[in-house]
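Each chain, written out:
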Protein chains: 4
Amino acid sequence: MGNGTKTAVLLVDCPDRKGLVAALSTFLYSHGADIMHADEHRDATLGWFFMRIEWGAADFDLSEDDLRRDFSNFAEPFEMRWRLKYPGTRPRVAILVSHYLHCLNDLLHRHESGELNCEIPLIVSNHQAAAPLAAFYRLPFHYLPVNQENKKTAEETQLKLMADHHVDLIVLARYMQILSSDFVSQYPGGIINVHHSFLPAISGAKPYHAALERGVKIIGATSHYVTAVLDAGPIIEQDIVRVTHRDELEDVVRKGRDLERVVLSRAVRWHLEHRILQYANKTVVFD
Amino acid sequence: MGNGTKTAVLLVDCPDRKGLVAALSTFLYSHGADIMHADEHRDATLGWFFMRIEWGAADFDLSEDDLRRDFSNFAEPFEMRWRLKYPGTRPRVAILVSHYLHCLNDLLHRHESGELNCEIPLIVSNHQAAAPLAAFYRLPFHYLPVNQENKKTAEETQLKLMADHHVDLIVLARYMQILSSDFVSQYPGGIINVHHSFLPAISGAKPYHAALERGVKIIGATSHYVTAVLDAGPIIEQDIVRVTHRDELEDVVRKGRDLERVVLSRAVRWHLEHRILQYANKTVVFD
Amino acid sequence: MGNGTKTAVLLVDCPDRKGLVAALSTFLYSHGADIMHADEHRDATLGWFFMRIEWGAADFDLSEDDLRRDFSNFAEPFEMRWRLKYPGTRPRVAILVSHYLHCLNDLLHRHESGELNCEIPLIVSNHQAAAPLAAFYRLPFHYLPVNQENKKTAEETQLKLMADHHVDLIVLARYMQILSSDFVSQYPGGIINVHHSFLPAISGAKPYHAALERGVKIIGATSHYVTAVLDAGPIIEQDIVRVTHRDELEDVVRKGRDLERVVLSRAVRWHLEHRILQYANKTVVFD
Amino acid sequence: MGNGTKTAVLLVDCPDRKGLVAALSTFLYSHGADIMHADEHRDATLGWFFMRIEWGAADFDLSEDDLRRDFSNFAEPFEMRWRLKYPGTRPRVAILVSHYLHCLNDLLHRHESGELNCEIPLIVSNHQAAAPLAAFYRLPFHYLPVNQENKKTAEETQLKLMADHHVDLIVLARYMQILSSDFVSQYPGGIINVHHSFLPAISGAKPYHAALERGVKIIGATSHYVTAVLDAGPIIEQDIVRVTHRDELEDVVRKGRDLERVVLSRAVRWHLEHRILQYANKTVVFD
């Protein structure tokens, strides 16, 4: 599977019709693409087509600009939405975090060990707790307290930071503030959150308390794209762990932290490797 | 762990206080019990104590009647609720089923192969579909159609059948009728249902449709005791399986059937082996 | 995903080279194929290419015979190995079983409920135990005792039965005899077995005993194609379940039975839906 | 379940006989113990008894010294082996690591966040790579290169360090040197290792390569106590993850790292909370 550092990727979706696989693969082959992975999906109910193609670009005869121009012409009659990753570019990721640091610690360690192929130009927090970890990994840290009074101003400052640093993806690594719909609308499909329950079960606050109260035998965590509706965006990944009557709140929270780490880091990696397509408030994940 | 055919089991719960383990184990030891498994739990929040003790009865010096009388005296000052299984008795189980037969087929095969230590004096259905399977396993089958008009009468007939056959446990093996609260109140903690979702996510009808619609990455099934509130009784067991964007409704339904079989049969086995205590709309499962 | 009753499937593998996806999809598109699923894989180490294409055949302009002829010509210069499933044909499956019936019961129930898209022209056993189950599902049952003396003759009888019934796939549903390499060589890649351990751990006899002895915390089961080397053929599917110190042999065996059912039935279904390619003693499973 | 900071724990095993639960619970109750968890197990085959009792020590009337003396007298006629954790004492853990840092990073983060109730007086490594991480968590780091020539001397230095720092438990967090049997014999049942396969499958070097080569569909990791025989000590915990034909070596290694973290940290936590008993080259884990 690899992490795609040296390959190009096209993510495409459009109304379904015959001949799409042939047309796409022929277009790329005619330019010298060495297709390494081709994954395709159709939603029969919606009549929609999805495809991810990853190719080695050694003999590819189009520059990024030329490819964008030519593919745009190719795609138009099919009404394709498409995203291109050309080798050598690295997405720029901002991480927002509050005082729980397990997801941040996990993401930064994975980043340093090469699992996450991106730049991290900034970490933003409404607490000081993450500052030492950011410093350890030599990443810029911005402390921006948020409260009911300054929330609007704080978000404007955050958005300016994102714009200044040309951020492509915002990761909410247990960021405990709800983003306004204004903020969210600036990054459609570009904000990933981790929710500490098995959505759609138990949305909202204190899901571990609610899970214990209901006496579930399995708890979960969910990573999803953020939309204007709380905890209702397209689900990217979920994972679960068993709990028993022996597990008290602190045990459930501890077990849950392991899930949160895993589902968030998988979602971020898949997004960075251009494996996710969003549609109809769902995701296609070509893993 | 074994299936407890030749052992006695005491299931006890009561307000927590010091010395309960010592008192219970000393009582049994003083009568020659050879304790094979002792499992205990406290709910610190509720201040409640739970214990399951299983012992080899070879040298035990009390008959079932004497034990019931003596233990009743012992238990009273502790305000204990208790259930006793004496070796040689087998619980009597009625299975209610509609036209999906995978859970029934699974339960009957397990029963025949010795996994479920019980009698099955009757299978009741509002469809004819299960009749051949019941016949194959030489079990009495009662066809009782249920519709909006006759529901009350049908339930009375069902209840009479249960009473006539001295039924201890009613298993709803994908029985597609909602039991009235009158019916449920006759068998408190004595009806086990399987719901084809990961409760509390997606209660009610057509949960697989709802799971697909929400775009979840994991589906589940839940076995639980039936209470007057639909899908809200104490959860006994849950299990899950991954789904992807490739899974269409028929795939989700197929994967779900495997979960339903497993969570229902585990719940029934644990109940029959006296491993489950119900409290505060939850369960303690001493597995 | 569906079960492919009305679709055609091509399974292809060949030395990797540029343009294979384009060539294959264009060939099919040019004959009116409505491609529903296209899944592709390359083994970079071996330089090998694999593809599965499933298409709706409503507007497809080639009969099965014409397609076989034309595709044979197409495939030759690429040195492709290929398998075709044309709509309407159903593979013919023989099941071999001994006295443990849980896998057989599971397969037959799934078959009847439509999960397994095949004919089952015969069930063969060296015990009588499976006869009633075969009768219940109205399937021909052949009792063929096997012992050290008659093994060679018995296998000849079995092979003749397979040939007379035009069997495409042989499923060993806990068949407790080891097939000779002569037998196996008659059905290369056409015999599926279930082994009750997590291969390559604990091959050979009595794996549950060995698992208990080693004190593992997880047991597994494995379905695989049978080759001349015992328990060493290409693995198709594996699954696992947790065990604890509480689990005695009978518990481990019971838990294991649930795994065996699941991994065997998945393997059989995937084989029937032409989802599996074998190479280098491994499998590609396009699920 | 909790992490046991304020509670006392007794871990006991001895030849099985009647009355052990009663005797143990009565002994503790008579001294004012408020039993919070009592878990018991018998190995019927070996005729051996195991028990873990955890109690709130608020009203307990024995000091640690008095308890050790009195319990020693109590235990002798039963031939009990026993371990006592008295509230307030924290085990002292040394971590040995090489150049893969994911397990170390995980353990140190968990330690700082309070999941692991122990002191870490030293981290020892044959590489410099872990030095910054140790510094970040303000833990003493000892760089001790090991090669074929100096191995014996290096181990003597390591052992002296362990002795000087009164180390109770040694954790091998992907430490890539094989400890000599002399070293191991100094810490019987006191060294925990993580092996990156699903033991007993694929012991020895390069297990991920071997797993890929065999074409398994699931990989695993195993934490175990170290004995003189490589990868053959009592298994504490195992976990698994699915792999497919798409996973190349780097993917398998990445997925495996997540398993290694989890199985090692669980093993360490259970050991620190006195939940593990070793016998017959196996473990009883009272979780």
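Residues numbered from 1 in each chain as written. Chains lettered and ligands numbered in written order. Predicted model: local features only at pLDDT ≥ 70, side-chain atom pairs only at ≥ 80, totals over all residues. Heavy atoms only, no water.

Enquirer: Quick one: what's the story with the interface of chain A and chain D, residue by residue and with numbers?
Expert: With 25 residues of chain A at the contact, the number on the chain D side is 25 residues. Counting the surface lost from both chain A and chain D, the interface buries some 2,300 Å², and carbon and sulfur atoms represent 44% of this. In this structure, the connection of chain A to chain D is made through 4 salt bridges. A salt bridge links D258(A) to R110(D); its shortest N-O distance comes to 2.9 Å. Our count for the chain A to chain D interface comes out at 4 residue pairs in polar contact (both at pLDDT 80 or more). For the side of chain A that touches chain D, the secondary structure elements donating two or more residues are α3 (102-112), α4 (131-136) and α8 (249-272) of chain A. (Contact = heavy atoms within 4.5 Å. Buried area = accessible area lost by both parts, 1.4 Å probe. Salt bridge = Lys/Arg side-chain N within 4 Å of Asp/Glu carboxyl O. Polar contact = N/O pair within 3.5 Å; in protein donor to acceptor, adjacent residues only side chain to side chain. Helix = DSSP H or I, 4+ residues; strand = E, 2+ residues; numbered from the N terminus.)

Enquirer: Lay out the environment of V124(B) in plain terms, naming residues and giving numbers.
Expert: Residues and elements named next belong to chain B. One can find V124 in strand β6 (residues 119-125). In sequence terms V124 and A134 are 10 residues apart; their C-alpha atoms lie 9.8 Å from each other. In this view, V124 contacts I95, L96, V97, H142, L144, Q158, L161 and M162; residues no more than four positions away in its chain are not counted.

Enquirer: Which residues make up unusual backbone geometry, and what values do they have?
Expert: Here L199(B) and P200(B) are connected by a cis peptide whose omega angle stands at 5°. Inspection of the secondary structure puts P200(B) in the loop between β9 (191-195) and α7 (207-214).

Enquirer: I'd like to hear about the sheet that holds strand β10 (residues 218-225) of chain B, residue by residue, with values.
Expert: All names here are of chain B. Sheet architecture is open: 7 strands sit in the order β7-β6-β5-β8-β9-β10-β11, paired in mixed fashion. Each edge of the open sheet is held by one strand with a lone partner, namely β7 (141-143) and β11 (235-242). Pairwise comparison of adjacent strand axes, ignoring direction, gives a mean angle of 15° for this sheet. In this structure, β9 lies alongside β10, joined through 4 bridges in antiparallel fashion. What sits directly across from N193, in β10, is H224. (Pairing = 2+ DSSP bridges. Axes fitted to C-alpha atoms, helices over the stretch in contact; angles between N-to-C directions.)

Enquirer: Kindly report on the packing of aromatic side chains, identifying the contributing residues and their values.
Expert: For the structure shown, the criterion picks out 36 aromatic pairs over all chains. With centroids separated by 5.4 Å and ring planes inclined at 70°, the aromatic side chains of F27(C) and F71(C) adopt a geometry described as edge-to-face. Here the residue F27(C) occupies a position in helix α1 (residues 20-30), and F71(C) occupies one in helix α2 (residues 64-75), the gap between them amounting to 44 residues. F27(C) gets classed as buried once you look at its relative accessible area, which sits at 11%. An aromatic cluster of three or more residues is present, and its members are F27(A), F71(A), F74(A), F78(A) and W82(A). (Phe/Tyr/Trp six-rings, centres within 6.5 Å; stacked < 30°, edge-to-face > 60°. Buried < 20%, exposed > 50% of the residue type's maximum accessible area, 1.4 Å probe, protein only.)

Enquirer: Just give me the short version of the interface of chain B and chain A, but keep the residues and values in it.
Expert: Reports of interface size often rely on the accessible area that becomes lost once the parts have come together. Facing the 35 residues of chain B at the interface are 35 residues of chain A. By the criterion of area lost to chain A, the three top residues of chain B are R214(B), K217(B) and H245(B), representing 26% of everything that side buries. Summed over the shared surface of chain B and chain A, the number is 6 salt bridges. One salt bridge connects R246(B) with D39(A), and the closest N-O pair in it is separated by 3.2 Å. At the boundary of chain B with chain A, the tally comes to 26 residue pairs in polar contact (both at pLDDT 80 or more). Breaking the side of chain B that touches chain A down by element, the ones donating at least two residues are β2 (34-43), α7, β11 and β13 (282-285) of chain B. Here the side of chain B that touches chain A takes 7 residues from β11(B), the largest share from any one element. Split by residue class, the side of chain B that touches chain A holds 16 nonpolar, 7 polar and 12 charged. (Nonpolar A, V, L, I, M, F, W, Y, C, P; charged D, E, K, R; others polar.)

Enquirer: Provide a residue-level description of the pairing of strand β3 (residues 48-56) of chain C, including the pertinent values.
Expert: Residue and element names in this part refer to chain C. Burial of β3 is extensive: 8 of the 9 residues sit out of reach of the surface. Bridge count between strand β1 (residues 7-15) and β3: 9 bridges; the pairing is antiparallel. In the strand pairing of β3, L11 is matched with R52. Note that strand β2 (residues 34-43) and β3 share 9 bridges and pair antiparallel. Residue D43 lies in a different strand from β3, and its bridge partner there is W48. Connecting β2 to the next strand, β3, in antiparallel fashion are 4 residues, including G47 with a positive phi near 65°.

Enquirer: Before we move on, can you summarise the relation of the copies chain B and chain A with the specific residues and values?
Expert: With an RMSD of 0.0 Å, the fit of chain B onto chain A corresponds to turning through 180° and sliding 0.0 Å along the axis. Expressed as a symmetry operation, the mapping of one chain copy onto the other fits a two-fold axis. Considering only C-alpha atoms, the residue of chain B closest to the rotation axis is A201(B), which sits at 2.0 Å. Of all interface residues in chain B, 100% are interface residues in chain A too; the two copies therefore contact each other through one and the same surface. (Least-squares fit on C-alpha atoms with pLDDT ≥ 70 in both.)

Enquirer: Explain the packing of helix α3 (residues 102-112) of chain B against helix α3 (residues 102-112) of chain C residue by residue, including any values.
Expert: For any two helices packed against each other, the geometry is given by the interaxial angle and the distance between the axes. In contact at an axis separation of 11 Å, α3(B) and α3(C) are set at 165° when each is read in the N-to-C sense. Here α3(B) is positioned roughly antiparallel relative to α3(C), judged by the angle of their axes. Pair α3(B) / α3(C) crosses with right-handed handedness. Two secondary-structure elements touch here, α3(B) through H102(B), N105(B) and H109(B) and α3(C) through H102(C), N105(C) and H109(C). Split by residue class, the contact of α3(B) with α3(C) holds no nonpolar, 6 polar and no charged. (Parallel < 35°, antiparallel > 145°, perpendicular 65-115°, else oblique. Left-handed = near helix turned anticlockwise from the far one by under 90°.)

Enquirer: An account of the nonpolar core is requested, with residue identities and associated values reported.
Expert: Residues I95(B) and I95(C) are the most contacted members of the largest nonpolar core, which totals 181 residues. Every residue in contact with I95(C), bar those within four places of it in the chain, is listed here: L104(C), L107(C), L108(C), I120(C), L122(C), I123(C), V124(C), V171(C) and A173(C). Judged by nonpolar contacts, the second largest core, of 54 residues, contains L24(A), L28(A), W55(A) and L28(C). (Core = buried A, V, L, I, M, F, W, Y, C linked by side-chain atoms within 4.5 Å.)

Enquirer: Requested: an account of the sheet that holds strand β7 (residues 141-143) of chain C, with residues and values cited.
Expert: Residue and element names in this part refer to chain C. The strand order across the open sheet built from 7 strands is β7-β6-β5-β8-β9-β10-β11, with neighbouring strands paired in mixed fashion. Each end of this open sheet is capped by a strand with a single partner; those strands are β7 and β11 (235-242). Sheet twist, expressed as the average angle between the axes of neighbouring strands with direction ignored, equals 15°. Bridge count for strand β6 (residues 119-125) against β7 is 3 bridges, and the pairing is parallel. Bridge assignment links V124 to a residue of β7, and that residue is H142. Of the strands in this sheet, β5 (92-97), β6, β7 and β8 (169-172) touch helix α5 (residues 151-164), which is tilted by about 170° from β6.

Enquirer: Could you give an account of the confidence of the model for chain A, with specific residues and numbers?
Expert: Taken as a whole, chain A shows an average pLDDT of 94; of its residues, 98% reach a score of 70 or greater. The ipTM for the predicted assembly is 0.93, set against a pTM of 0.95. (pLDDT = per-residue confidence, 0-100.)

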